[in-house]
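Fold and geometry: a report
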Amino acid sequence: MYFYFKFEAMDYTFDITLKTRAIFFEVLENLSLEKLTTIPNGFSNTIFWNIKHVVITQQLLIYGLSGLPLAVSEAETQEYRKGSKPLSTITSEDIQLLKKQLFSTLEQTKRDYTKHLFKTYSEYTVSTKSTLKNIEDALEFNNFHEGIHLGYILAMKKV
């Protein structure tokens, strides 16, 4: 019975992530390459960087801290992890890849969660001083993190 409730709660968690990522997808679809890759005054990163960063962070929080392989490259991980800054020139191919990754990484995570692949988790204290102790904590914190970056993106669009 416990697993039934646990999965039901996680379905809601995955649904929130899906809806947030659908908004990110629309941003990628509707803004020009220039708008996606320009750092607006008062900000440290681009809209593209923020969206790519949430994909990379999700992989690090969910897979990296579970000791499982990431679905993104080491180069992508280094370029978009916490504390990084936009360095490379972004192409339309990069945008297409990111649009795919928004959903492919989420679908893979949901499949892997359903298969109980996340057997271990290395505790990690995030910048809000909360400690993630298991995969469920990580999935829920990930939604908070993606929401923060959605807020940045909405503010950046107005500048």
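Look up: the structure comes first, before these words.
Here, residues in each chain are numbered from 1, in the same order as that chain's written sequence. Owing to the predicted nature of the model, reporting of local features is limited to residues with pLDDT of at least 70; listing and counting of side-chain atom pairs is limited to 80 or more, with chain, interface and lining totals taken over all residues. Each side-chain value is worked out from all heavy atoms of the structure, with water and hydrogens disregarded.

**A short note on the overall build of the protein chain**
For the purposes of this entry, the term helix denotes a DSSP run of H or I that reaches at least four residues, the term strand denotes a run of E that reaches at least two, and both are numbered from the N terminus. The number of helices and strands found in the protein chain is six helices and two strands. When the helices and strands of the protein chain are read in sequence order from the N terminus, they spell out α-α-α-α-α-β-β-α. Projected onto the principal axes, the alpha-carbon positions of the protein chain cover approximately 50 × 30 × 25 Å. Going through the 159 residues of the protein chain one by one, you find that 40% of them count as buried. Any pair of residues with heavy atoms lying within 4.5 Å of one another is described as a contacting pair. Within the protein chain, contacts between residues separated by at least 24 positions form 73% of all contacts whose residues are at least 6 apart in sequence. A simple rule labels every residue: compare its accessible area, found with a 1.4 Å probe on the protein chains alone, to the largest value its type can have, and call it buried under 20%, exposed over 50%, or partly exposed in between.

**A word on helix α5 (residues 92-114)**
Quick reminder: α-helices carry 3.6 residues per turn. Residues three or four places apart thus point the same way. In this scheme, a helix's expected span is set at 1.5 Å multiplied by one less than its residue total. Over its 23 residues, α5 runs 34 Å from end to end, which matches the ideal 33 Å to within 8%, given 1.5 Å per residue. Axes are fitted to the seven residues ending at a residue and to the seven starting at it; the angle between these axes is taken as the bend at that residue. Approximately 30° is the largest bend angle found in α5, and it occurs at Gln101. Within α5 the residues assigned to the buried category are Ile95, Leu98, Lys99, Gln101, Leu102, Thr105, Leu106, Thr109, Asp112 and Tyr113. Immediately beyond the C-terminal end of α5, within one or two residues, lies His116, with a positive phi of roughly 60°.

**A short note on the pattern of salt bridges**
Salt bridges are defined by distance alone: a side-chain nitrogen of Lys or Arg within 4 Å of a carboxyl oxygen of Asp or Glu. Per the stated rule, a full pass over the model turns up four salt bridges. With its nearest N and O atoms 2.8 Å apart, the salt bridge here joins Asp15 to Lys19. Of the two residues, Asp15 and Lys19 both sit in helix α1 (residues 2-30), four residues apart, roughly one turn of that helix. The partly exposed category is assigned to Asp15, whose relative accessible area is 28%.

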